[in-house]
Amino acid sequence: MKNNEAPKKIYLKDYREPSYWIKKTTLDVQIYDGHTDVTATLLLERNANDESRKLSLDGDSLELRGLTLDGKKLDDTQYVLDAEHLTLENLSDQHELIIETRIYPETNTSLEGLYKSRLIYCTQCEAEGFRKITYYLDRPDVMSEFTTRITADKTRCPILLSNGNKIDEGECANDRHFAVWHDPHLKPAYLFALVAGELSLLEDRFTTCSGRDVLLQIWVEEKDLDKCAHAMDSLKRSMAWDEQRYGREYDLDIFMIVAVDDFNMGAMENKGLNIFNTSCVLAKKETTTDAEFQRVEGVVAHEYFHNWSGNRVTCRDWFQLSLKEGFTVFRDAQFSSDMGSATVKRVEDVLLLRAAQFAEDAGPMAHPVQPDAFIEISNFYTLTIYEKGAEVVRMLHTLLGETLFRKGSDLYFERHDGQAVTIDDFVRAMEEVSGRDLSQFKRWYKQAGTPELEVSSEYIEASEEYVLQFKQRCRPTVECKEKQPFVIPVDLSLLGDAGKLPLNLKDQLDPERSDNTRMVIELTEAEERFVFTGVKELPAPALLRGFSAPVKLRYRYTDEQLLRILKLEDDGFCRWDAAQQLMIREIDRIREALVADPSPAISPALVDALTAVLADDSLDPAMVSLMLTVPSEKYLNELGEQVEVEATHHARQLLERKLAKALAEPLLQCYELMRARQAAKPYSVVAADVAERALQNTALHLLSILGDEKSLALVQQQFAEADNMTDELAAFKALVHSTRSRFDSAKTDAIQRFYTKWQAEALVVNHWFSVQASSPAPDVLEQVKALMTHPAFDMKNPNKLRALIGAFCNNVTGFHNANGLGYAFLGDRIIELNRSNPQIAARLLTPLTKWRRYDEKRQEKMKAQLERIQSEPNLSKDVFEVVSKSLELS
Ligand code: TRP
Ligand code: ZN
């Protein structure tokens, strides 16, 4: 921000069409060592709906070196140049404008625009990075036909890539060469990409449903060529899946993925040339955990699916971001459920939503899925836009059913192909195919905050009636003080003593969406009552099956009811959630009992239930693993009004200890069984094997808490023998996070060995950083500070920052140490990063934004850091927006 004047807010209500269209964009990019010269030739055509005849192009950090309008050089009296715009007035209907700029990718640390990641030149243009390459109408509703000529040194940059098809290449003087790429599809500038460098190639082919042959390429640094097979398989599966599930075929003859080390996010869907963070492409068993294998598959699919939901049909403006992101996350979640276990995928998504999106919705950065104002759009690539946006699409799918939803998506893609559209256009397609009025449903897009759904029940034995009473409310948020009721689909069953009870609603039953023992009720009012008839016994209601709506459910279950759901419900999410709720209750009880008794007993019913879960061979081992996992501190801290840092930590730790002790024997048996099963077959990442390793390592974690000689030996053995990163990292974590002095020397030894073994693998070294940064050790901050001086650490690399600083700031007891030193540490880092990489600075700031949830002393210290950051000169828009919203009076 220049001169500390407050940057201005952009409003959805101010949307206007652009004054000109850019019919063709021809780029000539000359890469030299130290600088790059860009010549952009724009074919402009006046928008018939705009009479201003004024063209205001966006630009950021550009050196303007020449401007030619219709063949005539312009001098500086013929245009206006300020820090963010290049403006021309009194224009005609059509022009050719040639813009020459010089940029400096070698010193571009923001990782937006053209920059250098190690030895590779690459671009990141979403959301507003293209304006760092040339002056342009850098907005998604300006769609253009791109031709890109890249020239660079032959030795340093043998590979030259851009969107679309290569139409020419050849030699130049001075050991330079060029390539020309042409993209036949119109696209906004945020989907532009360019790559130049020395890259190695994994190649494959895919035949589309209409029989077209597509060349698939994955470009990486040579050392990583052995880690590309999984991404390639994932890509082929994604292409086939999108044809089958959505009828969407790929539309170019070539599809490329490039992996770079320095990347602000996971990956980017540039047309025909996706650019990925190496962390979302590379995978092989020795270096990659199962969770990471699944992430690679999910991100490859996500970016590929954007080719339709995002590229062929794009966003009119950035307020519509969830149009592409929410829908694409929904699509990649469907894909992942189809590839592996649907229940496990659902539980993982709910975990993220509850622990992080609900917190965002409850904090100062809360915003609707369709925001109505922003200062810096980069700050809105949030869990709300992505994850909650996907939940909203999922609810549409639930309300319409698969057949109508597919009809709706077909209509949306066909009607809007080649257009830049809005969320309303998407919902309208769903309305038209279903004949439903979705105007009330659209409140999910407009009202921020997580709805709370309070449910009470009454059983009237005499009339065999069961009444469910629903009350919804949603806390006020900045954009909307008084919330109107949401449409909430509640998928439910009633469980009797021996299983599911038949469901008969007193008034009517929608035969389309409910079978006998389950139905989806649609809440539309603040308070509603449903009466079930013919209910012969007092049931346990299984509510929100499959987590049918992103709400906080409150129902006073008895322990007995939860145990019944855990035993009898066929919906895996509900069973898992029942186990979670039982554990949360136990933690609450322990927290209260701890006041008087340092070692309170835990309830035998919970131990019995979990013993039964462990013994149940009919259960997916991945589900057993999830059910045995005690809720995270992050989620527990979400539940109360004020975060009780130490009390929650201790109560949680105590529950884990007591469970480990009570379940020691079956856990050990289970551990050995899973190990034996794994040993009997070659390593694979199919869901069944991933599940076995998950259970094995959850058992190992609990056993390590026992802290005896035997468990230490077990952990050390797994650490030494592991032939895959899932097992190796689980053992490493168990050693490093142990609070037992018996583990001390093994821990020190493991930290050294792990680094020595993996120092050449950057992604594994990131684990090495993050495991240490998330340690419960009281001196963790000192360790983190020491690690910042380690040669493998790099303040310019976002993966490293996330691994060390991000992990530490999400380490509840470490970061929130009452001495406040964690806060000051983050304050220092933000001030540094504000200069080098504002996007990452603003993201890492998140834990400080939640200051209002803590006790007074912590509040004061957290707020002091926010104020200190706020008073910095030259705050980026990114950091300014997050800090000022956090400090605003609520
Ligand atoms: N569109 C990308 C995705 O979700 C997100 C993205 C990648 C991004 N890099 C970015 C957003 C940089 C903002 C800034 O797949
Ligand atoms: Zn996306």
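Here, every reference points to the structure presented above.
Figured I'd write up the structure that's included with this text.

About the criteria used
Residues numbered from 1 in each chain as written. Chains lettered and ligands numbered in written order. Predicted model: local features only at pLDDT ≥ 70, side-chain atom pairs only at ≥ 80, totals over all residues. Heavy atoms only, no water. Helix = DSSP H or I, 4+ residues; strand = E, 2+ residues; numbered from the N terminus. Buried < 20%, exposed > 50% of the residue type's maximum accessible area, 1.4 Å probe, protein only. Contact = heavy atoms within 4.5 Å. Areas by Shrake-Rupley, 256 points an atom, 1.4 Å probe, with all protein chains shown as cover. Lys, Arg positive; Asp, Glu negative; His and termini not counted. Charge placed at Lys NZ, Arg CZ, Asp CG, Glu CD. Phe/Tyr/Trp six-rings, centres within 6.5 Å; stacked < 30°, edge-to-face > 60°. Lys NZ or Arg CZ within 6 Å of the ring centre and 35° of its normal. Axes fitted to C-alpha atoms, helices over the stretch in contact; angles between N-to-C directions. Left-handed = near helix turned anticlockwise from the far one by under 90°. Near = heavy atom within 4 Å. Polar contact = N/O pair within 3.5 Å; in protein donor to acceptor, adjacent residues only side chain to side chain. Nonpolar A, V, L, I, M, F, W, Y, C, P; charged D, E, K, R; others polar. Donors = N, O, S within 2.8 Å, 3.2 Å for Na, K, Ca; no water. Tetrahedral: all angles 85-135°; square planar, octahedral: opposite > 155°, others 65-115°. Pairing = 2+ DSSP bridges. Disulfide = S-S within 2.5 Å. Parallel < 35°, antiparallel > 145°, perpendicular 65-115°, else oblique. Salt bridge = Lys/Arg side-chain N within 4 Å of Asp/Glu carboxyl O. Expected span 1.5 Å × (residues − 1).

In terms of helices and strands, the protein carries 27 helices and 32 strands. Projected onto its principal axes, the C-alpha positions of the protein cover 90 × 70 × 60 Å. Residues classed as buried in the protein amount to 59% of the 890 residues present. Once local pairs closer than 6 in sequence are excluded, the contacts in the protein between residues at least 24 apart make up 71%. If you sum the accessible surface of the protein, you get close to 35,400 Å²; carbon and sulfur atoms cover 49% of it. Each charge sign in the protein was given a centre, from 108 positive and 142 negative side chains, and these centres are 2 Å apart.

Turning our attention to the packing of aromatic side chains. Taken as a whole and assessed by the stated rule, the structure comprises 41 aromatic pairs. Plain terms: the ring middles of Trp241 and Phe335 are 5.7 Å apart, the flat faces sit at 80 degrees to each other, and that makes the pair edge-to-face. Of the two residues, Trp241 is situated in helix 1 (residues 229-246) and Phe335 in helix 3 (residues 321-339); the sequence distance between them amounts to 94 residues. Both rings, one in Tyr412 and one in Phe413, keep their centres 5.5 Å apart while their planes meet at 55 degrees; by these two values the pair is tilted. The same class applies to Tyr412 as to Phe413, namely buried. The ring of Phe178 carries the charged tip of Arg149 above its face, separated from the ring centre by 4.1 Å. A cation over an aromatic ring shows up here: Arg331 above the ring of Phe327, its NZ or CZ 5.5 Å from the ring centre.

Here we take up the packing of helix 17 (residues 725-736) against helix 18 (residues 744-758). The N-to-C vectors of helix 17 and helix 18 enclose an angle of 145 degrees; their axes lie 9 Å apart at closest approach. Crossing handedness for the pair helix 17 and helix 18: left-handed. Contact residues: helix 17 offers Met725, Glu728, Leu729, Phe732, Leu735 and Val736, while helix 18 offers Ala746, Lys747, Ala750, Ile751, Phe754, Lys757 and Trp758.

In this chain, Glu126 is followed by Ala127 through a cis amide linkage whose omega measures -5 degrees. Relative to the helices and strands, Ala127 is located in the loop between strand 11 (120-124) and strand 12 (144-153). One non-glycine residue, Arg118, lies in the positive phi region at around 50 degrees. Summarising the element assignment, Arg118 is placed in the loop between strand 10 (113-117) and strand 11.

A separate point is the site of ligand 1. Around ligand 1 sit 15 residues in total, of which Glu126, Ala267, Glu269, Glu303 and Tyr386 are the nearest. Within the side chain of Glu269, a nitrogen or oxygen atom sits 2.7 Å from a nitrogen atom of ligand 1. Contacts to ligand 1 include Lys324, whose side-chain N or O atom sits 3.4 Å from a nitrogen atom. When isolated, ligand 1 has an accessible area of 370 Å², and the protein chains bury 97% of it. Mapped onto the shell around ligand 1, the elements with two or more residues apiece are strand 20 (267-268), helix 2 (290-305) and helix 3. Split by residue class, the shell around ligand 1 holds 6 nonpolar, 4 polar and 5 charged.

With that settled, the discussion passes to the coordination of the zinc ion (ligand 2). The zinc ion (ligand 2) binds to the protein through His302 (NE2), His306 (NE2), Glu325 (OE) and Glu325 (OE), with metal-donor distances spanning 1.9 to 2.7 Å. Geometry at the zinc ion (ligand 2) is irregular, judged from the 6 donor atoms that bind it and their angles of 46 to 159 degrees at the metal. Every donor residue of the zinc ion (ligand 2) comes from the same chain, spaced as H-x3-H-x18-E. You can see His302 sitting in helix 2 and its partner Glu325 sitting in helix 3, a full 23 residues away along the chain. Each member of the pair, His302 together with Glu325, is buried.

For the rest of this paragraph, the subject is the pairing of strand 25 (residues 452-460). Sheet topology places strand 25 next to strand 26 (residues 465-473); 9 bridges connect them, and they run antiparallel. Bridge pairing links Val455 to Phe470 in strand 26. Where strand 25 lies against strand 32 (residues 552-555), 4 bridges are found, and the strand directions are parallel. Bridged to Glu452 within strand 32 is Lys552.

With that settled, the discussion passes to the state of the cysteines. Across all of its chains, the model carries 0 disulfides by this definition. Among the cysteines around Cys474, which has no disulfide bond, Cys480 carries the closest sulfur, lying 7.8 Å off. Judged by its relative accessible area of 13%, Cys474 is buried.

Our focus in this paragraph is the packing of helix 20 (residues 780-788) against helix 21 (residues 798-809). The angle between the axes and the distance between the axes are what describe a pair of packed helices. Interaxial distance between helix 20 and helix 21 falls to 11 Å at its minimum, and their mutual angle equals 165 degrees. By the criterion of interaxial angle, the relationship of helix 20 to helix 21 is roughly antiparallel. As for the relative orientation of helix 20 and helix 21, their crossing is left-handed in sense. Judged by residue contacts, Val780, Leu781, Val784, Leu787 and Met788 of helix 20 engage Leu804, Ile805 and Phe808 from helix 21. When its residues are assigned to classes, the contact of helix 20 with helix 21 shows 8 nonpolar, no polar and no charged.

What follows covers the sheet that holds strand 5 (residues 63-69). Strand order across the open sheet formed by 8 strands is 6-5-9-3-2-12-15-14, with mixed pairing between neighbours. Bordering the open sheet on either side are strand 6 (72-73) and strand 14 (165-172), each of which pairs with just one other strand. Bridge count for strand 12 against strand 15 (residues 176-187) is 9 bridges, and the pairing is antiparallel. Following the sheet pairing, Thr147 is matched in strand 15 by His182.

Take the sheet that holds strand 20 next. Read across the sheet, 5 strands follow the order 17-18-19-21-20 without closing on themselves; strand pairing throughout is mixed. Each having just a single partner strand, strand 17 (200-207) and strand 20 make up the two edges of the open sheet. The pairing of strand 18 (residues 213-220) with strand 19 (residues 254-260) spans 5 bridges and is classified as parallel. By the bridge assignment, Ile218 is partnered in strand 19 with Ile257. The strands that helix 1 touches are strand 17, strand 18 and strand 19; relative to strand 17, the one it contacts most, it runs at about 25 degrees.

All right, on to the side chain of Asn311 then. Structurally, Asn311 is set in the loop between helix 2 and strand 22 (314-315). Of note is the side chain of Asn311, whose polar atom sits 3.0 Å from the backbone oxygen of Glu269. What Asn311 contacts, discounting residues up to four positions off in sequence, is Leu191, Glu269, Asn270, Lys271 and His306.

A complete count under the given rule lists 82 salt bridges for this structure. A salt bridge links Arg312 to Asp251; the shortest N-O distance between them is 2.8 Å. Residue Arg312 is located in the loop between helix 2 and strand 22, and its partner Asp251 is located in the loop between helix 1 and strand 19; the two are separated by 61 residues in the primary sequence. Of the two residues examined, Arg312 and Asp251, each falls in the buried class. Residues Asp689 and Lys681 are paired through a salt bridge, measuring 3.1 Å at the closest nitrogen-oxygen approach. Linked by salt bridges that have partners in common, Lys223, Asp224, Asp226, Lys227, Lys284 and Glu761 make up one network.

Taking 1.5 Å of rise per residue, 18 residues should cover 26 Å, and helix 1 covers 25 Å from first to last C-alpha, within 8% of that figure. When helix 1 is considered as a whole, its buried residues turn out to be His230, Ala231, Met232, Ser234, Leu235, Ser238, Met239, Trp241, Asp242, Glu243 and Tyr246. In this structure, the buried side of helix 1 is in contact with strand 17, strand 18, strand 19, helix 2, helix 3 and helix 5 (383-416). Gly247, located one to two residues past helix 1, shows a positive phi value of around 65 degrees.

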